[in-house]
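Understanding the architecture of this molecule
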Amino acid sequence: MITGNHAAAMAAAMAGRANRSGRGFCSGVYPITPSTECMEFLCLQDIEKGHVVKVESEHSAMAVCVGASAAGARTFTTTGGNGLIYMSENVTVAAYLRLPVVMVVGNRAIGPPWNIWTDHSDSLTLRDSGWVQIYCWNNQEVFDAVLMAFRIAEDHRTLLPVMVCQEGFVLSHTMTLTEIAYQAQVDKFLPPLQLPHRLATTPRALGTFDTSHMIEAHREQHHAAMGMVWSAYREAQADFERIFGRHPPDPVVTYRTDDAQLALVSMGTIAETANQVVDDLRGRGLKVGSIRVCMFRPFPFDALKQAFAGIPRIAVIDRDISLGFGGALWGEARGLAEPGAIVQNFVTGLGGGDVRPEHIEEMVTEALGLTTSGPPVFIGVGE
Amino acid sequence: MKGSESPHYRRLLRPGNTNCGGCGMSVAFQMFRRSIGETNIQLVIPACCAAVAAGGFPYNAYEAPVLLSTFASAASTASGMAQVARLNGENTRVVCWAGDGGTYDIGLASLSGAAERNEDILFVCYDNEIYGNTGGQRSSATPVGAGASNIIKGKLEPKKDIMGIMAAHGIPYAATISLANPDDSKRKFERALREKGFRFLLILAPCPTGWKSDPSKTVELVRLAVRSGLYPVIEIENGRRWIINIEPDFSRADLERYLSLQRRFKKSEIRPDDMRRAIDLLWEKLRALAGCIT
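These figures come from a predicted structure and were not determined experimentally.

Criteria and cut-off values
Residues numbered from 1 in each chain as written. Chains lettered and ligands numbered in written order. Predicted model: local features only at pLDDT ≥ 70, side-chain atom pairs only at ≥ 80, totals over all residues. Helix = DSSP H or I, 4+ residues; strand = E, 2+ residues; numbered from the N terminus. Buried ≥ 20, exposed ≤ 12 C-beta atoms within 10 Å, placed from the backbone. Contact = placed C-beta atoms within 7 Å. Nonpolar A, V, L, I, M, F, W, Y, C, P; charged D, E, K, R; others polar. Pairing = 2+ DSSP bridges. Domains from an automatic or database assignment. Axes fitted to C-alpha atoms, helices over the stretch in contact; angles between N-to-C directions. Left-handed = near helix turned anticlockwise from the far one by under 90°. Right-handed = clockwise from strand over helix to strand, strands pointing away.

**A few points about the overall build of chain A**
- Secondary structure summary: chain A contains 13 helices and 14 strands in total.
- The C-alpha extent of chain A, read off along each of the three principal axes, is 65 × 50 × 45 Å.
- In chain A, which comprises 383 residues, the proportion classed as buried is 59%.

**Observations regarding the interface of chain B and chain A**
- Contacts between chain B and chain A engage 34 residues on the former and 39 residues on the latter.
- In terms of residues, the side of chain B that touches chain A owes the most to one element, helix α3 (residues 74–87) of chain B, which gives 10 residues.
- Of the residues that constitute the side of chain B that touches chain A, the class distribution is 16 nonpolar, 17 polar and 1 charged.
- Pairing analysis gives 2 bridges linking strand β7 (residues 205–206) of chain A to strand β2 (residues 66–68) of chain B, with the strands arranged parallel.

**A short note on the domain arrangement of chain A**
Residue and element names in this part refer to chain A.
- The domains assigned to chain A are domain 1 (4–193 + 204–244) and domain 2 (252–378).
- A straight line from the C-alpha centre of domain 1 to that of domain 2 covers 27 Å.
- Across the boundary between the two partners, domain 1 contributes 23 residues, which contact 20 residues of domain 2.
- Those elements that place two or more of their residues in the side of domain 1 that touches domain 2 are α5 (121–125), β5 (132–135) and α8 (212–227).
- Looking at the side of domain 1 that touches domain 2 element by element, the count peaks at 4 residues for β5.
- The residue inventory of the side of domain 1 that touches domain 2, partitioned by class, reads 14 nonpolar, 6 polar and 3 charged.

**Quick notes on the sheet that holds strand β13 (residues 342–347) of chain A**
Residues and elements named next belong to chain A.
- Strand order in the open sheet formed by 6 strands is β8-β10-β9-β12-β13-β14, with mixed pairing between adjacent strands. Of all strands in the sheet, those bounded by a partner on one side alone are β8 (252–255) and β14 (377–378).
- Strand direction decides the pairing type here: β13 and β14, joined by 2 bridges, are parallel. Bridging across to β14, valine 347 finds its partner in phenylalanine 378.

**Points about the packing of helix α10 (residues 270–283) of chain A against helix α13 (residues 357–368) of chain A**
Residue and element names in this part refer to chain A.
- Orientation of α10 relative to α13, taken along the N-to-C sense of each, is 65°, at an axis distance of 9 Å. For the pair α10 and α13, the crossing hand works out as right-handed. From α10, Thr273, Ala274, Gln276, Val277, Asp280 and Leu281 reach across to α13, where they touch Pro357, Ile360, Glu361 and Val364.
- Within the contact of α10 with α13, the residues separate by chemical class into 6 nonpolar, 2 polar and 2 charged.

**What to know about the sheet that holds strand β7 (residues 234–237) of chain B**
- Read from one edge of the open sheet, 9 strands run β7(A)-β2(B)-β1(B)-β3(B)-β4(B)-β6(B)-β5(B)-β7(B)-β8(B), paired in mixed fashion. Of all the strands in the sheet, the pair left with one neighbour each is β7 of chain A together with β8 (241–244) of chain B.
- Summarising the sheet, strand β1 (residues 41–45) of chain B and strand β3 (residues 93–99) of chain B pair through 4 bridges and their orientation is parallel. Within the sheet, the bridge partner assigned to Val44(B) lies in β3(B) and is Cys96(B).
- Here α3(B) sits on the sheet and contacts β1, β2, β3 and β4 (121–127) of chain B; the angle it forms with β3(B), its principal contact strand, is near 170°.

**Concerning the pairing of strand β10 (residues 288–293) of chain A**
Residues and elements named next belong to chain A.
- Counting buried positions over the 6 residues of β10 gives 6, a clear majority of the element.
- Of the strand pairs in this sheet, β8 and β10 are connected by 4 bridges, and their pairing is antiparallel. Bridge pairing in β10 links tyrosine 255 to serine 290.
- Across 5 bridges, strand β9 (residues 262–266) lies against β10 in parallel orientation. Residue pairing in the sheet places leucine 262 in a bridge with valine 288 of β10.
- After leaving β9, the chain enters α10 and then returns to the sheet as β10, a path that is right-handed.

And the structure:
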């Protein structure tokens, strides 16, 4: 029985140890609710050829990871909410220098007003930062996703940093039965990191000035690397299953959508509630299904389009809000529905607001009554 | 030459880089590379003229591995690199090379953090007393009376005491480097490269473009700043033992010539006599520190 924070830290420590025959493990960390216990746990681990630097800010925490990764070490950090926003300048550096840093984000509302509870607005603000983003729905997935993250980050086809997102408190502080791994298994799954552009003794510069045509080429390469994530992820899934006996989720997971007249689309823990509601409503004769988006970057266009095929009504649930627009997930997913389908956005659960089955039933009722899709609807405000 | 110069670092900063003629930072680089010997170094350069000097991708004006960090992050980025070198038993010396903005201002928090942790880093600040890269705005290193592109007349506030700040961290070694005193400087660069833990070097680096001085007068300006007592040449061991390396003559003529060789003090009309009191107080303090605390 462990929390999401401890699951993340255990996976990071094991991944760190697995690089002992490589250039070791080095992490920069700084506390912030709800990620603190992840960094605390990591600091107390005994990691052979590993070191955790306790810095003075999140901005510096990521800078340590950037330096350590450039020097060829495996690196990890964790933060959330305003910590992630404060860190954001160096978050982009890790991506643009193509360094395979792994970070667990304990999703937290961005203040002010100050609030320590969860929503996805922090990591979604950084959706354009060039990182791969994975959203988890339970502690087992957090543990597994951290190991998967190192694998796809360090793949030479990708070389991209990976954000593993877990909702603060809902996962970070809730203890559930979680299967961990043996070090020997992790050693097998994660071979030593070989960073092709690591700084050693060759006079090489990382991060020099780019003229317009060069930065265009670099962005195009970076975008192409994002496109390589699918095959890297698929292969890692197969290896993971062979070594650990569990199958990490596909980028998009569908639940009872085959004959669905309405699909609920969500990320993270809300999908667990949505699936429960699907079972209940199906028991009452309503043909509904649920679709969980596990990977937000790269965005799973093909898988989501396939999941939407033949479904006339889609309710996209966002635990975030792009103010003046609507939910970020809705914004990206709505274009993938069947022509003529009604795609309605529901914004809910901000700042840790409870998302209960009756809220999701309310969305289903509302979406089934629509003749055309409207602007985003807030559900459960002030409850 | 053999034994004192590694073939790697014959030209740490290669010719053809973008620095202006008479750039104090360029001179500092040439001095520094003479002290490197056979040591492997890695550079971390935050946003500043030295970052621009690296050149555009895929070129690199430096004959050493270099990471161009974000403005505020030189010391923390270097911390990661130095820790990995240590974990792998390598004697690589990680060197931050930052301007005054990246040291006194935006970089101060990460600099303080790395110094407090006593990371195995050499942090070099070339201090041209302005944001040179962006066209000469004031920084907290700009001295009283100096003009800047965002000040109407001249700066009213005194320069921040960065050496005092670094000494207060109790780091193993801190020193100021004079471009006009190469022997003293070479000794300090060598010692700073040799010592373990956090080391800090401050270099007064005239910027002909920003100071509106003649490029040929860069070293002369430093000589005058040293002789007049404006720029103390000192070293500090473990934050406790202060040593005065060069005794100024405090001459009014040197100060006058220092002001006359550059146009940045023109608008404020600051005179040597206006600066005398501050110099006296500075040296009173330095002598107390150098005399009483050992």
